[in-house]
Structures are given as C-alpha cells and as structure tokens.
Amino acid sequence: MTLENMTFEEIEVVDEPASAEISDDMIWAAVPILQPHEGQLVVRVAPEYAKILAEEVFGSADEAISDAAVKDVIAEMANTIAGRFMNELVPSDEEFRLGLPNTGVGKFQEGSDQVTSILINVGEHPLVTSVIGNDFVKLTNE
Amino acid sequence: MIQNVVIADDSSTARMIIRRCLEIAGCIDANFIEVADGKQALEVLRESEVDLLVTDLNMPNMDGRTLLKHVKASPRLTNLPIVVVSSASNEAVRDELMSQGALAVVDKPISPARLAEALKKLTDENQWGYA
C-alpha cells in the first residue's frame, strides 16, 4: 500500500498541454528544487479530481474532507514526484535538496523561467506536472 | 515489541500512510504519536518512552537531519531506532544518514514491505531498547 497504489487509474499522457487545459481553478502544489539545480516542480489538479484523490487516500467518501487535507494530498504527491524526478536527474553520489511544498488554488504564477509541462488525463480529469527552471531546460538540451 | 512509535512529518497525508504501512508491516498494536516537525518530535521523545522514531527529512522548525543529530547526541536517546523516510534521498544522502546513526532510510513512496525490511534490522542487529 503506497500513495501510488491506493488509487489506481487509467491515464493518458499528453506532452506539452495547451494553456487552455490549465484552468484557473486548479489546485496546485509547488515543490522548490534547491540543489544542485534551482527551480520548482508543480503539480496542478482539477479541484473535483483532487477531492476524489483525497477521499481515496483517506478512505472517507462519506465524510467531508477539509480543503487543507485535499491540498496536503496534492502537496505530498508533488513532493514524491519531485523526489523521483531528481533521483533520475542527479547522479546517485551527488546530493540534491528540495524545499517545503507550497499549495494554492487558482492560477499558478510561473514567473519568467522556462517551463516544461506534461498533461496526464485521468479519465476526464487533467493533472499537469510542470518543471520550472532554466537549469532544467539546459539539461534537456544537452 | 514495538509499543510506542513517533511519526514526524509535516504532511498529514504522509503521516497517515506511514502509520498504515507500519501497521501492515507488523506494528499492529502500537501506539502512534504523530508530530509535524523535528522540534515537536524531540519534545515527545524527551517526555515519553518511545520504541521507534520514523521521521521525514524536510520539515519546518527542525528538519530530520537535525533531529537525528540531537537524538544521537542524547545519552538517554542514543540507542533509539530511527527510520528516515524521504522523497529527497539517494545513495549519497542514505550514506550520510546511516553514518549518523539512522537504522534505515526508506524512499518515498513508502510501502509496508520497505518498512518491514527496515524493521527487520531491529531484530537482526539487536537494536532494541535504550537507556
């Protein structure tokens, strides 16, 4: 039983989502990437699907899940994804550091750094994972 | 027998998953004390009899590395088994934490099997009990 297999869904991966698919009411969680590269990993989830995820994780479809609990589930998801992403990117003998996740609802301010995003459609629900940071684009191009 | 377990993680989701995984891994009758940072964990450890500490690395107020150092520096707590769970660990971090006295380092997403493997070290290495 892990966060991965508590909820098992069929997904469709779409590279580079259109901006229209990143709606302004999504719940987002951003994990700062501190070392050795600087940037952020951001997970954005449609609010209705975030609630479904939280209910599946906490196993309480009959009880109301607080907004804080829903955001926390997305934050922990983003935290786990960021860790696995950095594990793939950074040599195993080199340390990497992540910051504490921030969460919010609505439009996420990406700033001026380069953004690379992947859209996953979980049924009809979009889930967008983005890596923000010029360092990561340089690594992609190397 | 593991009776009292402290789980330190700033995420309530992570604490819940860790608790469930520990229960499945064998800590069925344990009493779980959940805290959100290293400072709270240290306060509980100083006031209570605890058999196992499971801690995240990235936490506000006091992170897992600092918590590990404080616990290992305390004569009363130095033998307390500590399992570190983290999304931000790789071989370099694992080596660092093990050299500082962690019993095991488990990557997130954690699973009952990974925690059971870590807990098995308690029996194998006779890490049980502390002054």
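Everything numeric here is computed off the predicted structure, so don't read it as measured data.

Across its full length, chain A holds four helices and seven strands. Listed N to C, the secondary structure of chain A is α-β-β-β-α-α-β-β-β-β-α in terms of helices and strands.

Moving on to the overall build of chain B. Scanning chain B for helices and strands turns up five helices and five strands. Overall, chain B shows an N-to-C arrangement of helices and strands of β-α-β-α-β-α-β-α-β-α. Computed over C-alpha atoms, the radius of gyration of chain B comes to 13 Å, within 12% of the 14 Å expected from 2.2 N^0.38 for 131 residues, which places it in the range of a compact globule. Each of the three principal axes of chain B carries a C-alpha extent, and together these read 30 × 30 × 25 Å. Looking at chain B as a whole, 47% of its 131 residues are labelled buried. Taking as baseline every contact in chain B between residues at least 6 positions apart, the subset at least 24 positions apart corresponds to 62%.

All names here are of chain B. Spatially, the five strands line up as an open sheet ordered S2-S1-S3-S4-S5, and their pairing is parallel. For this open sheet the edge positions go to strand S2 (31–35) and strand S5 (104–107), each flanked by a neighbour on one side alone. Each strand of the sheet is rotated relative to its neighbour by a mean of 20°, with strand direction disregarded. In this structure, strand S4 (residues 82–86) lies alongside S5, joined through four bridges in parallel fashion. When the bridges of S5 are listed, Val85 appears paired with Val106. Across the sheet, helix H3 (residues 64–73) touches strand S1 (4–8), strand S3 (52–56) and S4, and the angle it forms with S3 is around 155°.

This part takes up the interface of chain B and chain A. Contacts between the two partners involve 23 residues from chain B, matched on the other side by 25 residues from chain A. Elements supplying a minimum of two residues to the side of chain B that touches chain A: helix H1 (12–25) and helix H4 (91–99) of chain B. Among the elements that take part in the side of chain B that touches chain A, H1(B) stands out by supplying eight residues, more than any other. Residue classes in the side of chain B that touches chain A are distributed as twelve nonpolar, seven polar and four charged.

Next up on the list: the packing of helix H2 (residues 38–47) of chain B against H3(B). Residue and element names in this part refer to chain B. Interaxial distance between H2 and H3 falls to 9 Å at its minimum, and their mutual angle equals 25°. The pairing of H2 with H3 is recorded here as roughly parallel in orientation. Here H2 runs over H3; the crossing is right-handed. In this structure, H2 contributes Gly38, Ala41, Leu42 and Leu45 to the contact, and H3 contributes Gly64, Thr66, Leu67, His70 and Val71. Considering only residue class, the contact of H2 with H3 consists of five nonpolar, four polar and no charged.

Now for the confidence of the model for chain B. Residues and elements named next belong to chain B. In the predicted model, chain B carries a mean pLDDT of 92, and 94% of its residues have values of at least 70. A low-confidence stretch, residues 127–131 (pLDDT under 50), is modelled with 14 contacts involving residues beyond four sequence positions or located in other chains. At the level of chain-chain contacts, confidence expressed as ipTM amounts to 0.88, with global pTM at 0.89.

Attention now moves to unusual backbone geometry. Cis rather than trans, the peptide bond between A:Gln35 and A:Pro36 has omega equal to 0°. Mapped onto the fold, A:Pro36 is located in the loop between strand S2 (27–35) and strand S3 (39–45). Unlike most non-glycine residues, B:Asn61 shows phi in positive territory, near 65°. Examined against the element boundaries, B:Asn61 turns out to sit in the loop between S3 and H3.

With that out of the way, let us pick up the pairing of S3(B). Within a regular strand, the side chains alternate between the two sheet faces. Residues and elements named next belong to chain B. Of all five residues that make up S3, five are buried, and the element is covered over most of its length. By the alternation rule, side chains of S3 split into Leu52, Val54 and Asp56 and Leu53 and Thr55, which are all buried. Pairing between S1 and S3: four bridges, direction parallel. When the bridges of S3 are listed, Val6 appears paired with Leu53. By the bridge criterion, four bridges tie S3 to S4 in an arrangement that is parallel. The residue of S4 that forms the bridge with Val54 is Val83. Once the chain exits S3 it traverses H3 before rejoining the sheet at S4, and the crossover so formed is right-handed.

What counts, and where the lines are drawn
- The residue numbering used here restarts from 1 in each chain and proceeds along that chain's sequence as written.
- The naming scheme follows written order: chains are lettered A onward, ligands numbered 1 onward.
- Whole-chain, interface and lining totals are the exception, using all residues; otherwise, since this is a predicted model, local features are given only for residues with pLDDT of at least 70 and side-chain atom pairs are given and counted only at 80 or more.
- In DSSP terms, a helix is any run of H or I states spanning at least four residues, a strand is any run of E spanning at least two, and both are numbered starting from the N terminus.
- We compute the radius of gyration from the C-alpha atoms alone; for a globule the expected value is 2.2 Å times N to the 0.38, where N is the number of residues.
- Remark: C-beta atoms are placed from the backbone, and a residue is labelled buried if 20 or more other C-beta atoms sit within 10 Å of its own, exposed if 12 or fewer do, or partly exposed between those counts.
- Contact criterion: two residues are in contact if their C-beta atoms, reconstructed from the backbone, are within 7 Å.
- A pair of strands counts as paired when DSSP detects no fewer than two bridges linking them.
- Between N-to-C directions, angles span 0 to 180 degrees; the directions come from axes that are lines fitted to C-alpha atoms, helices contributing only their stretch in contact.
- When residue character is reported, Ala, Val, Leu, Ile, Met, Phe, Trp, Tyr, Cys and Pro are called nonpolar, Asp, Glu, Lys and Arg charged, and the others, Gly included, polar.
- Relative orientations are named as follows: roughly parallel for angles under 35 degrees, roughly antiparallel for angles over 145 degrees, roughly perpendicular for angles from 65 to 115 degrees, and oblique for any other angle.
- Left-handed describes a crossing whose near helix is turned anticlockwise from the far helix through less than a right angle; right-handed describes the clockwise counterpart.
- Known as pLDDT, the predictor's confidence for each residue is given on a scale from 0 to 100.
- When the strands point away from the viewer and the path from the first strand over the helix to the second turns clockwise, the crossover is right-handed.

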